[in-house]
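Residue-level structure breakdown
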Amino acid sequence: MNALRLRRRLAWESVVDARRWLFPLDGIGRWNRLYGPRGFVQFQGVLPAAVEREAVTALLRRACRARRPSTLAVLKRFGALASPGPMSFPRAGATLSLDFAHAGPETDALLADLHAICREAGGRVYAAKDASAPAACLSPGDAAMARFRPHVDPRFESDLWRRLAGPAQAG
């Protein structure tokens with residue numbers, strides 16, 4: 001789709017405005033209302049390179065069985081260069097992002113299944129964008145979490161942190 005957008009845009013313009021290209025939804029006022037009164041939810045997980053094909057296939061099959069169409073899907077590949085951030089999302093492999101209009105318990109069950117598939121494949125969810133993943137999806141026992149935990153101020157923590165890692169301990 002991006003290639004088609006670019007060819008169409010270049011046919012009419014010699015210079016493409018980076019903001020319009022990188023943030024197309026910003027050109028649509030109140031675009032989030034397209035999802036209806038309950039809004040939307042997003043699943044995004046990164047899957048290890050060794051199992052990315054099988055895991056992405058499993059995620060897409062599960063989404064198709066739910067008969068809840070994803071209004072936006074993005075598949076990207078991350079290289080092997082490690083991010084210096086201890087809680088950074090990217091790691092070598094593929095990341096799949098799926099947006100769904102929220103339709104209540106059926107959507108919640110779909111997300112739970114997508115999280116389970118990601119976790120079973122050795123993947124991780126993008127916690128900063130997620131509102132429903134269980135703590136196991138963030139890999140609380142991994143080395144990155146162990147390095148990050150001492151930097152959490154128990155007097156200032158987010159709902160996301162409490163949901164995924166539990167309350168910080170006063171040090």
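Coordinates for the structure precede this section.
Here's a quick rundown of the structure. Per chain, residues are indexed from 1 in the order of the written sequence. A pLDDT threshold of at least 70 governs which residues receive local features in this predicted model, and a stricter bar of 80 or more applies before side-chain atom pairs are shown or counted, although totals over entire chains, interfaces and linings include all residues. Only heavy atoms go into the side-chain values, all of them from the structure, while hydrogens and water stay out.

1. Comments concerning the pattern of salt bridges
When their charged atoms lie close together, side chains carrying opposite charge are able to pair. Any carboxyl oxygen of Asp or Glu within 4 Å of a side-chain nitrogen of Lys or Arg constitutes a salt bridge here. Under the criterion given, the structure shown has two salt bridges. Residue Glu 52 is joined to Arg 77 by a salt bridge in which the shortest nitrogen-to-oxygen separation is 2.8 Å. Of this pair, Glu 52 sits in helix α3 (residues 52–65) while Arg 77 sits in strand β2 (residues 70–78), and the two are 25 residues apart along the sequence. When the shortest N-O distance is used, the salt bridge between Asp 113 and Arg 62 registers 2.7 Å. In this pair, Asp 113 sits in helix α4 (residues 105–120) while Arg 62 sits in helix α3, placing the two residues 51 residues apart along the sequence. Throughout this description, buried means an accessible area under 20% of the type-specific maximum (1.4 Å probe, protein chains only), exposed means over 50%, and partly exposed covers the range between. For Arg 62, a relative accessible area of 13% corresponds to the buried category. Here a helix means four or more residues in a row that DSSP labels H or I, a strand means two or more in a row labelled E, and each is numbered from the N terminus.

2. Brief notes about the environment of Phe 43
Mapped onto the secondary structure, Phe 43 falls in strand β1 (residues 40–48). Phe 43 sits in the buried class, given a relative accessible area of 0%. In this structure, the C-alpha to C-alpha distance between Phe 43 and Asp 130, residues 87 residues apart in sequence, is 6.7 Å. The contacts of Phe 43, once residues within four sequence positions are left out, are Leu 59, Leu 96, Ser 97, Leu 98, Leu 111, Leu 114, His 115, Cys 118 and Val 125. For this analysis, residues touch if any pair of their heavy atoms sits within 4.5 Å.

3. Things to note about α3
To estimate the expected span of a helix, subtract one from its residue number and multiply by 1.5 Å. A rise of 1.5 Å per residue sets the reference length of α3, with its 14 residues, at 20 Å; its end C-alpha atoms lie 20 Å apart and thus fit the reference within 8%. Listing the buried residues of α3 in full gives Glu 52, Ala 55, Val 56, Leu 59, Arg 62 and Ala 63. Along α3, the residues classed as buried sweep out an arc of 130 degrees about the axis, all on the same side. Projecting away from the buried face of α3 at angles above 90 degrees are the exposed residues Arg 53, Glu 54, Arg 61, Cys 64 and Arg 65. Residue Arg 67 follows α3 closely and has a positive phi angle near 55 degrees. Working note: the arc is built from the helix axis to C-beta atom directions.

4. Here's the deal with the sheet that holds strand β3 (residues 93–101)
Whether two strands pair depends on DSSP finding at least two bridges between them. In space, the four strands of this open sheet follow the order β2-β3-β1-β4, with antiparallel pairing throughout. Since the sheet does not close on itself, it has two edges, and those belong to β2 and β4 (124–125), each with one partner. Pairing of β1 with β4, which is carried by two bridges, proceeds in the antiparallel orientation. What sits directly across from Val 46, in β4, is Arg 124.

5. Focus: the pairing of β1
Of all nine residues in β1, seven are buried; the element is thus mostly enclosed. Looking at chain direction, β1 and β3 are connected through nine bridges and run antiparallel. Bridging across to β3, Gln 42 finds its partner in Asp 99.

6. Describing the packing of α3 against α4
Only the stretch in contact is used when fitting a helix axis, every axis being a line fitted to C-alpha atoms; angles between N-to-C directions are given from 0 to 180 degrees. At a closest axis distance of 10 Å, the pairing of α3 and α4 adopts a crossing angle of 170 degrees. As far as their axial angle goes, α4 and α3 are roughly antiparallel. Across from Ala 55, Ala 58, Leu 59, Arg 62 and Ala 63 in α3, the residues of α4 making contact are Ala 109, Leu 110, Asp 113, Leu 114, Ile 117 and Cys 118. Any residue that is not Ala, Val, Leu, Ile, Met, Phe, Trp, Tyr, Cys, Pro, Asp, Glu, Lys or Arg is counted as polar, Gly included; the first ten are nonpolar and the last four charged. Of the residues in the contact of α3 with α4, the class split is nine nonpolar, no polar and two charged. Here the word oblique covers every angle except those under 35 degrees (roughly parallel), over 145 (roughly antiparallel) and from 65 to 115 (roughly perpendicular).

7. Re the packing of aromatic side chains
Pairs were defined over the aromatic rings of Phe, Tyr and Trp, the Trp ring being its six-membered one, requiring ring centres within 6.5 Å. Orientation was assigned from the angle between planes: stacked under 30 degrees, edge-to-face over 60, tilted for the rest. All told, the structure shown has two aromatic pairs when counted by the stated rule. For the pair Phe 89 and Tyr 126, a centre-to-centre distance of 4.5 Å together with 10 degrees between the ring planes defines the contact as stacked. One end of the pair, Phe 89, is in the loop between β2 and β3; the other, Tyr 126, is in the loop between β4 and α5 (143–148), and 37 residues separate them in sequence. Taking relative accessible area as the criterion, Phe 89 reaches 7% and is therefore assigned buried. Judged by relative accessible area, Tyr 126 falls into the partly exposed class, the value being 28%. Aromatic ring contacts, followed pair by pair, group Phe 78, Phe 89 and Tyr 126 into a single cluster.

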